[in-house]
Amino acid sequence: MAIYEKLMGNPFVDAGVCGICEWLGRSVQPEQITTDDLEKVVAEVVPIMQPFDKKRPQAHGWRNWVSIFTTNHPLTNPSKKGDRAADFKEMLLSHITNAENLGQSGDCVGCGRRDANTWLFRTGVPLTGSGTLRNFFPTFAEGVGYCAACALAIQLSPLVFAASGGRFLMLHSNSWKALRTWSRKCLGDVRAQQLQQEVTGCFNPGYANPRNGLFYMTQEMVQFQEMRPDEDASMQFYCFTNFGQKPELEIFHLPAPVFRFLRFAYQSEFKTDWGKIILSGYLVNWTKVKTEEDYKNRINRVYENLLEGRSILGFFLNRRARKPRGNWELLSLYLKEVRTMEKSRLEKIKQVGDLIAECIRKSGRDRRLLQLERAKSYEACRNVLLYIIRERIRQGSPEPLFSLDDYVEHLFPEIDDFAATPWRETRDLLLFRIYEMLHNWLQEQGFVDFDEDNASDADDASETEPTEEN
Ligand SMILES: [Zn+2]
């Protein structure tokens, strides 16, 4: 039996085990780890984890310990005058000595496969039981029992935290590959700090806004080859601090379909367009932006909507410039993967959008387009379609705009709650397709007032309507 295995279920333990594996090598799996390996990791890692001490010459060192393990940990103990790293190493080696192989069952809350032989408080596990302070401990106990092997993994988990404005982001997932790629990114940075002999602490990509930070991390993760699109990785991001009187915890959930879509969106063929869609989600005055630092921590509504299960369809439309962001293919990927829209519905809407575009072009005016853009209710939207049907008859178009079946099945499918008829979604999809087909023509004809050369493609917040379906 091994000491560890993949995905034992406790986020801190899994993070630590993943960090240990990555430190030992890209192909090392938890089941292979021996006590010799653990001693090697401790010997190599403890010098890097030496806490920052301004009294030391050429002071550098890990700065985050107080926010991770509070002030009575060997690495942070203020009354301790000697070598804190040596005390830390002693603690880790004693955990290794007491680490047993996995058994069938046990009462350790980390693995459930060994009995607990170490009682840990919030100095040993972030956010775990301290008696009088507000905390996140189970069953009102002052601490919780872990086995030595899990206690060791937790101590090494900060190697794979990403700092986020005084807090830390930690990933947990049903996908071991996702955990590995996240860990590789964090640990790669720690190794680089070591090489440059300028250790500062946990990987810090500079995102104080944890939502934006976690999307930055997903973008980095999909660059690793392991993350193939067929893997279903749902992810929980724990954003926490264990600092003194003010411990905090916020949990973000990224569903598997969203991550699957992101893997397409970050691919080279869609990357530029997806970048434009992301930029349009920031609440920021673009005329005042000089560098990425001016907006990277601002609220991004595309990210927020993706995390909260709300539609981002509206961000695919640049209404002022009457131009799509991205193409129909990228939009279809989003609608199919994340919104589970049926392919037949998408194809019908695309076909109707093409016919409307043709009708508008033949008319030589943008009147119908303007009416569709301004439709504020299901009835108004339906009336515009009726005008277009009449106009097409006048133009002598042989085929109908759509059949009655198309109308009730694909354009405005009936759902139980009439108030929630997805007319706005259908209208936005039609507009997207019309813009895609007609943008250049609209510009040539002078039907676009907004001059893109004078402003960022990412326009202001006011033009994007609420994106709820009703
Ligand atoms: Zn355990």
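**Structural notes on the sheet that holds strand S5 (residues 235-241)**
And step 1. Across the sheet, which stays open at both edges, the 4 strands sit in the order S3-S4-S5-S6 with antiparallel pairing between neighbours. The open sheet has two free edges, formed respectively by strand S3 (162-164) and strand S6 (248-254), since each of these has just one partner strand. Neighbouring strand axes in the sheet, compared pairwise and without regard to direction, differ in orientation by 30° on average.
And step 2. In terms of strand pairing, strand S4 (residues 167-173) meets S5 through 6 bridges, oriented antiparallel. Of the residues in S5, the one forming a bridge with His-172 is Gln-236.

**Examining the domain arrangement of the protein**
And step 1. Under the domain assignment, the protein is made up of domain 1 (11-213 + 235-254) and domain 2 (259-463).
And step 2. Taken together, the contact pairs 11 residues of domain 1 with 12 residues of domain 2.
And step 3. Of the roughly 990 Å² buried between domain 1 and domain 2 on both sides combined, carbon and sulfur atoms contribute 54%.
And step 4. Of all residues in domain 1, Arg-211, Asn-212 and Leu-254 bury the most surface against domain 2, accounting for 49% of the area lost on that side.
And step 5. There are 1 salt bridge connecting domain 1 and domain 2.
And step 6. Note that Glu-304 and Arg-211 form a salt bridge whose closest N and O atoms lie 3.5 Å from each other.

**Let's talk about the coordination of the zinc ion**
And step 1. Protein-derived coordination of the zinc ion comes from Cys-108 (SG), Cys-111 (SG), Cys-147 (SG) and Cys-150 (SG), at a distance range of 2.2 to 2.4 Å.
And step 2. Angles of 102 to 113° at the metal separate the 4 donor atoms of the zinc ion, which places the site in the tetrahedral class.
And step 3. A relative accessible area of 0% means that Cys-150 is categorised as buried.

**Focus on the side chain of Arg-319**
And step 1. For Arg-319, the location among the structural elements is in the loop between strand S7 (317-318) and strand S8 (323-324).
And step 2. Taking relative accessible area as the criterion, Arg-319 reaches 14% and is therefore assigned buried.
And step 3. Here Asp-428 takes part through its side chain, which lies 3.4 Å from a polar atom of the side chain of Arg-319.

**Topic: the pattern of salt bridges**
And step 1. This model, assessed by the stated rule, comprises 26 salt bridges.
And step 2. The partner of Asp-406 in a salt bridge is Lys-348, and the shortest N-O contact between them spans 3.1 Å. Of the two residues, Asp-406 sits in helix H15 (residues 404-411) while Lys-348 sits in helix H12 (residues 343-363), which places them 58 residues apart along the sequence. With respect to burial, Asp-406 and Lys-348 carry one shared label: buried.

**Looking at a positive patch on the surface**
And step 1. On the surface, Arg-365, Arg-367, Arg-390 and Arg-394 cluster together into a patch of positive charge.
And step 2. Tracing the chain through its elements places Arg-390 in helix H14 (residues 378-394).
And step 3. For Arg-390, a relative accessible area of 49% gives the class partly exposed.

**With respect to the nonpolar core**
And step 1. If you look at the biggest cluster of nonpolar residues, it comprises 142 residues, and the most contacted ones within it are Tyr-4 and Trp-274.
And step 2. When residues of this core are assigned to their parent elements, the largest contribution, 10 residues, is made by helix H16 (residues 423-444).
And step 3. The residues that make up this core include at least three from each of domain 1 (11-213 + 235-254) and domain 2 (259-463).

**With respect to the environment of Ser-173**
And step 1. Here Ser-173 is to be found in strand S4.
And step 2. C-alpha separation for the pair Ser-173 and Gly-396, spaced 223 residues apart in sequence, amounts to 58 Å.
And step 3. The residues contacting Ser-173, other than those within four sequence positions of it, are Leu-7, Ala-178, Leu-179, Ala-233, Ser-234, Met-235 and Gln-236.

**Focus on the confidence of the model for the protein**
And step 1. On average, the protein scores 90 in pLDDT, and the residues at 70 or more come to 91%.
And step 2. Note that pLDDT drops below 50 for residues 453-470; the model gives that stretch 46 contacts with residues more than four away or on any other chain.

**Focus on helix H5 (residues 148-156)**
And step 1. Burial analysis of H5 places 9 of its 9 residues in the buried class, the great majority of the element.
And step 2. Restricting attention to buried positions, one finds in H5 the residues Ala-148, Ala-149, Cys-150, Ala-151, Leu-152, Ala-153, Ile-154, Gln-155 and Leu-156.
And step 3. In this structure, the buried residues of H5 make contact with helix H1 (11-24), helix H2 (35-49), helix H3 (65-69), helix H4 (84-98), strand S1 (118-120) and strand S2 (144-146).

**Quick word on unusual backbone geometry**
And step 1. Even without being a glycine, Leu-7 presents a positive backbone phi close to 50°.
And step 2. Position of Leu-7 relative to the elements: it lies in the segment before H1.
And step 3. Positive phi, normally seen in glycine, also occurs at Thr-340, with a value near 45°.
And step 4. In this fold, Thr-340 is placed in the loop between helix H11 (328-337) and H12.
And step 5. On the accessibility criterion, Thr-340 (62% relative accessible area) is exposed.

**Brief notes about helix H8 (residues 256-265)**
And step 1. Among the 10 residues of H8, 8 are classified as buried, and the element is accordingly described as predominantly covered.
And step 2. Every buried residue of H8 is listed here: Ala-256, Val-258, Phe-259, Arg-260, Phe-261, Leu-262, Arg-263 and Ala-265.
And step 3. Elements in contact with the buried residues of H8: helix H7 (210-221), S5, S6, helix H9 (268-280), helix H10 (301-308) and H11.

Calculation notes
- Residues numbered from 1 in each chain as written.
- Predicted model: local features only at pLDDT ≥ 70, side-chain atom pairs only at ≥ 80, totals over all residues.
- Heavy atoms only, no water.
- Pairing = 2+ DSSP bridges.
- Helix = DSSP H or I, 4+ residues; strand = E, 2+ residues; numbered from the N terminus.
- Axes fitted to C-alpha atoms, helices over the stretch in contact; angles between N-to-C directions.
- Domains from an automatic or database assignment.
- Contact = heavy atoms within 4.5 Å.
- Buried area = accessible area lost by both parts, 1.4 Å probe.
- Salt bridge = Lys/Arg side-chain N within 4 Å of Asp/Glu carboxyl O.
- Donors = N, O, S within 2.8 Å, 3.2 Å for Na, K, Ca; no water.
- Tetrahedral: all angles 85-135°; square planar, octahedral: opposite > 155°, others 65-115°.
- Buried < 20%, exposed > 50% of the residue type's maximum accessible area, 1.4 Å probe, protein only.
- Polar contact = N/O pair within 3.5 Å; in protein donor to acceptor, adjacent residues only side chain to side chain.
- Patch = residues over 30% accessible without salt bridge, like charges linked within 9 Å, V, L, I, M, F, W, Y side chains within 5 Å.
- Areas by Shrake-Rupley, 256 points an atom, 1.4 Å probe, with all protein chains shown as cover.
- Lys, Arg positive; Asp, Glu negative; His and termini not counted.
- Charge placed at Lys NZ, Arg CZ, Asp CG, Glu CD.
- Core = buried A, V, L, I, M, F, W, Y, C linked by side-chain atoms within 4.5 Å.
- pLDDT = per-residue confidence, 0-100.

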